[in-house]
Amino acid sequence: MNRPITTEVAQPNDLEAFWMPFTANRQFKSAPRMLVGAKDMHYRSHDGRDILDGTAGLWCCNAGHGREEIASAIKAQADTMDYAPNFQMGNPLAFEFASRIAEITPEGMDRVFFTNSGSESVDTALKIALAYQRVRGEGTRTRLVGRERGYHGVGFGGISVGGIVSNRKFFGPLLNGVDHLPHTHDLAHNAHTRGQPEWGAHLADELERLVALHDASTIAAVIVEPVAGSTGVLIPPVGYLKRLREICDKHGILLIFDEVITGFGRLGSPFASEYFDVKPDIMTLAKGLTNAAVPMGAVVCRNEIYQTFVDATSDGIELFHGYTYSGHPLAAAAGIATLDVYRDEGLLERGAELADYWEDGMHSLKDAPHVIDIRNLGIIGGIELEPREGKPTARAVDCFTDCYENGLLIRTTGDIIALSPPLILETSHIDRIVDTISGALKRVA
Ligand SMILES: Cc1ncc(COP(=O)(O)O)c(C=O)c1O
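So, here's what we can say about the structure. (Residues numbered from 1 in each chain as written. Predicted model: local features only at pLDDT ≥ 70, side-chain atom pairs only at ≥ 80, totals over all residues.)

**Focus: the packing of helix H3 (residues 68-80) against helix H13 (residues 329-344)**
Reasoning step 1: Put simply, H3 and H13 touch, their axes get as near as 8 Å, and they point 150° apart. Taken together, the axes of H3 and H13 lie roughly antiparallel to each other. For the pair H3 and H13, the crossing hand works out as right-handed. Facing Glu 69, Ile 70, Ala 73, Ile 74, Ala 76, Gln 77 and Ala 78 of H3, the residues of H13 in contact are Pro 329, Leu 330, Ala 333, Ala 334, Ile 336, Ala 337, Thr 338, Asp 340 and Val 341.
Reasoning step 2: Of the residues assigned to the contact of H3 with H13, the class counts are 12 nonpolar, 2 polar and 2 charged. (Axes fitted to C-alpha atoms, helices over the stretch in contact; angles between N-to-C directions. Helix = DSSP H or I, 4+ residues; strand = E, 2+ residues; numbered from the N terminus. Parallel < 35°, antiparallel > 145°, perpendicular 65-115°, else oblique. Left-handed = near helix turned anticlockwise from the far one by under 90°. Contact = placed C-beta atoms within 7 Å. Nonpolar A, V, L, I, M, F, W, Y, C, P; charged D, E, K, R; others polar.)

**Topic: the site of the ligand**
Reasoning step 1: Around the ligand, 14 residues are found, and the nearest of them are Ser 117, Gly 118, Ser 119, Gly 153 and Val 260.
Reasoning step 2: With 3 residues, the single largest contributor to the shell around the ligand is helix H5 (residues 118-135).
Reasoning step 3: In the shell around the ligand, the residues fall into 5 nonpolar, 7 polar and 2 charged. (Near = placed C-beta within 6 Å.)

**Some details on the sheet that holds strand S5 (residues 143-147)**
The strands that make up a sheet are held in pairs by hydrogen bonds between backbone atoms, and each pair lies either parallel or antiparallel.
Reasoning step 1: Strand order in the open sheet formed by 7 strands is S4-S10-S9-S8-S7-S5-S6, with mixed pairing between adjacent strands. Two strands close off the open sheet at either side, each with one partner strand: strand S4 (111-115) and strand S6 (178-181). Each adjacent strand pair in this sheet contributes to an overall mean axis angle of 20°, direction not counted.
Reasoning step 2: Taken together, the 4 bridges between strand S7 (residues 219-224) and strand S8 (residues 254-258) define a ladder with parallel strand orientation. By the bridge assignment, Ala 221 is partnered in S8 with Leu 254. (Pairing = 2+ DSSP bridges.)

Written out as structure tokens, the structure is:
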């Protein structure tokens, strides 16, 4: 660590007011875990311990923590201009940042709409897809297709196309006209596969079934995560995404890749679309976009999509959509500085250099207690545990607590450990992640 992490942060004496997101509030507040500082690969806990970050925050601090280049860019912009509207006005940094993003996105995908989060990016992408179909004269295409076990954030659009029951069941009928492809997870065929599984490409053909059921003329878009992260690291089978692309092309359906976690080097390439050599029509971004230093998301579209809106509108606003903070100058400043760091340190490719070591490390846990599957791609790892009888998720939660007490932050979803450390990691960090999890698995019942 280059500079010490500051721990001089006042501890709150009342935990009641903050209704914590995606958290068991009662349990947390009875035994809180506070993070009070962060630098490079580590957090500092409130009790003064260094915690190795095995998750890049929430899949977002790809360049590690406390990057001075990013902090000073934010400060400089805050001193110059805190905020400016982007409705019928502009700020130069938002334009510059969009151009910089377009330099690294797949060819022909150079039009960037700014949002503030992954959820907003998803809802924006779905709205752009629906509006695009209408603007190009295909207004009957109003259906959206997502996938079981997909996670696309928490907006109404995102939970409608998403496939996680607890994120959906409390919130009413959701969007109309949404169907879901089956997920691709299959332990019987694919357990302990290194990288992409061979079995499962045919599951993309389920899209043909939906086309046969509804007719292509009713379907606007399909949205998938190239690698499903939040439901436990589900790696697409070889050929699956290509097949989806072919079926979408055949039927005039837009393909949206939700690259909120796969973007910005997670697989060892700037985006998953390059890794899998499949170009979507629209991609959603967030998280690593600003290294999480300021909240921001983006939707990147094929140039023809933007051009269709512009050409179809002789006068006035082309797309009735936007956020007060779309292209916020502080976020744009953070984003430009983040892209500089990624470029200067080769972080968008670094995952490829470490992927084999990471893969070996992950799969060395194959015979550890409770492990029923290990999955990996780029610098992503998933370790699936046998659920405790009658108590799903309990074993993984115990494993999380044990790792945290032993200086490692992991993430669990169901009975799956999901790992996605910052891309500045060294092999020694991989060794520590593996050793700590190995110890935890031996200790938990
Ligand atoms: C694939 C994917 N899409 C969307 C989101 C939502 O992003 P946010 O939490 O920034 O709204 C996430 C968050 O984990 C995600 O993994």
